[in-house]
Amino acid sequence: MAGVIYITVTIQCKPNHVTSCLQEALKTRKATLQEDGCIEFLVTQSVEDPTKIFFHEANINQEAFELHQEQKYMREFGTRVEQVFANHVQFFMSREVGH
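Note that the structure is predicted; figures quoted are calculated from it, not measured.

Asker: An account of the sheet that holds strand β4 (residues 86-94) is needed here, citing residue identities and associated values.
Answerer: Taken in spatial order, the four strands line up as β2-β3-β1-β4 in an open sheet, and their pairing is antiparallel. Only two strands of the sheet have a single partner each, and these edge strands are β2 (38-45) and β4. The sheet shows a mean angle of 10° between the axes of neighbouring strands, direction not considered. For β2 and strand β3 (residues 52-59), the ladder comprises seven bridges, and the chain directions are antiparallel. Note that in β3 the partner of Gln45 across the bridge is Ile53. Against the sheet, helix α1 (residues 18-32) engages β1 (5-13), β2 and β3, with an angle of about 170° to β2. Lying on the sheet, helix α3 (residues 72-85) is in contact with β1, β3 and β4; it crosses β4 at an angle near 140°.

The following block contains the structure:
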């Protein structure tokens, strides 16, 4: 099935790593926005719990998302999130409905 792929990622940061995680997330955002397949990449932070950071991404298709995941900066960020920054990570992939 073709079409835009939406990604939502929730990162529950360790309290002492929130600032570092946000800095790394914003670097990742900047690099990702340069990708041909990237439509949108937002980094947001919970109002109720500032240790929760969210990525909201849109890619032109599944192939663009897979290419995004293969980028060196994404692999490095993923490793740092898992090993240093995060207590918990949730990942959701979706497609728009109703068109």
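Read on for the rest.
Asker: Describe the packing of aromatic side chains, listing the residues and the values that go with them.
Answerer: One pass over the full model with this rule turns up three aromatic pairs. Aromatic side chains Phe55 and Phe77 sit 5.7 Å apart centroid to centroid with 20° between the ring planes, which places their arrangement in the stacked category. Of this pair, Phe55 sits in strand β3 while Phe77 is found in helix α3, placing the two residues 22 residues apart along the sequence. Note on Phe55: relative accessible area 3%, which makes it buried. Residue classification places Phe77 among the buried positions, given a relative accessible area of 6%.

Asker: Go over the confidence of the model for the protein with me, naming the residues and quoting the values.
Answerer: Close inspection of predicted coordinates is inappropriate for parts of the model with low pLDDT. On average, residues of the protein score 92 in pLDDT, and 98% of them are at 70 or above. Ranking the elements of the protein by mean pLDDT puts α3 last, at 87, and β2 first, at 97.

Rules used throughout
Residues numbered from 1 in each chain as written. Predicted model: local features only at pLDDT ≥ 70, side-chain atom pairs only at ≥ 80, totals over all residues. Heavy atoms only, no water. Pairing = 2+ DSSP bridges. Helix = DSSP H or I, 4+ residues; strand = E, 2+ residues; numbered from the N terminus. Axes fitted to C-alpha atoms, helices over the stretch in contact; angles between N-to-C directions. Contact = heavy atoms within 4.5 Å. Phe/Tyr/Trp six-rings, centres within 6.5 Å; stacked < 30°, edge-to-face > 60°. Buried < 20%, exposed > 50% of the residue type's maximum accessible area, 1.4 Å probe, protein only. pLDDT = per-residue confidence, 0-100.

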